[in-house]
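Tertiary structure, described
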Amino acid sequence: MLERFREHPLVRRWVARYDELPGRDQQALLVLAIALLLAVLYFAVWKPASDFHDQAEQARDNAAGLLAWMQANRATIQQLAGASDNTGPSVDKPADGRALMGLVTRSAAEAGLTLQRFEPSGENAIRLWLEDVPFASVAAWLEQLRNDHGVVIDQAAMDRDEQPGTVSVRLTLTL
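Quick look at the structure, then. The structure presented is a predicted model; accordingly, all values stated were derived computationally and were not measured.

1. What about helix α2 (residues 9-20)?
With 12 residues, α2 extends 17 Å from end C-alpha to end C-alpha; this agrees with the ideal 16 Å at 1.5 Å per step. Counting buried positions along α2 yields 1 of 12 residues, so the element is predominantly exposed.

Structure representation (structure tokens):
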């Protein structure tokens, strides 16, 4: 392969020019070529690999510090996780999807909201649509459902109506 490389016309022309140069120029060109090769190796191979290594070490150290902090604060973290799962002491959570549907329709009527359409969505969820309803009433109703019964909004889409303060709402509520 090296023989084929040397027989290439362009390489032969460069070798001929190199041979025509005086001895000091040949040495200078050789030193320059070696310096250029070393620079390419350093900036194209060594420096990126070294930077990647340093970043990986820093990420490892950060992860180890986070792990140590989490282990040191395990009890507090577990207590906070347990507190976020609990929706409060006065929660009267529905048992299943049927109870949720009854609760939602009853509480909507009590809040003065008319459900345009509602349907079950899986075992413990309900989808519902409200049209041209006051935003403040919907927000208060949803807050009451969450605080008093532990009902969570899984998906929500609200569109502003032409009349100020009214919205059309599509919701998926879950236990």
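Having seen the model, we can carry on.
2. Here we look at the sheet that holds strand β3 (residues 152-160)
Strand pairing in a sheet relies on backbone hydrogen bonds. The paired strands run either parallel or antiparallel. Strand order in this open sheet of 4 strands is β1-β2-β4-β3, and the pairing throughout is antiparallel. In this open sheet, the two strands that pair with only one neighbour each are β1 (117-120) and β3. Between one strand axis and the next, the sheet turns through 15° on average, direction left out of account. Pairing analysis gives 4 bridges linking β1 to strand β2 (residues 125-134), with the strands arranged antiparallel. Paired with Pro120 across the bridge in β2 is Ile126.

3. Here's the deal with the pattern of salt bridges
Following the criterion strictly, the structure yields 6 salt bridges and no others. Put simply, Asp61 and Arg60 hold a salt bridge, and the shortest N to O gap is 3.2 Å. Relative accessible area serves as the criterion here: at 44%, Asp61 is assigned to the partly exposed category. Notably, a salt bridge pairs Glu143 with Arg146, separated by 2.8 Å at the nearest N-O pair. You can see Glu143 and its partner Arg146 sitting in helix α6 (residues 135-149), 3 residues apart, about one turn around the helix. Residue Glu143 is classed as partly exposed on the basis of its relative accessible area, which comes to 37%. Here the salt bridges do not stand alone but share partners, grouping Arg117, Glu119 and Arg127 into one network.

4. Some details on the nonpolar core
Counting residues in hydrophobic clusters, the biggest one holds 19 residues, and the most contacted among them are Val104, Leu128, Leu130, Trp141, Leu171 and Leu173. Taken together, the elements giving at least two residues each to this core come down to α5 (97-110), β2, α6 and β4 (166-174). Other than its neighbours up to four places away in sequence, Leu128 contacts Val104, Leu115, Arg117, Phe118, Trp141, Val169, Arg170, Leu171 and Leu173.

5. Some thoughts on unusual backbone geometry
You will see that Asp132, though not glycine, has its phi angle at about 50°, which is positive. Structurally, Asp132 can be placed in strand β2.

Conventions adopted
Residues numbered from 1 in each chain as written. Predicted model: local features only at pLDDT ≥ 70, side-chain atom pairs only at ≥ 80, totals over all residues. Heavy atoms only, no water. Helix = DSSP H or I, 4+ residues; strand = E, 2+ residues; numbered from the N terminus. Expected span 1.5 Å × (residues − 1). Buried < 20%, exposed > 50% of the residue type's maximum accessible area, 1.4 Å probe, protein only. Pairing = 2+ DSSP bridges. Axes fitted to C-alpha atoms, helices over the stretch in contact; angles between N-to-C directions. Salt bridge = Lys/Arg side-chain N within 4 Å of Asp/Glu carboxyl O. Core = buried A, V, L, I, M, F, W, Y, C linked by side-chain atoms within 4.5 Å. Contact = heavy atoms within 4.5 Å.

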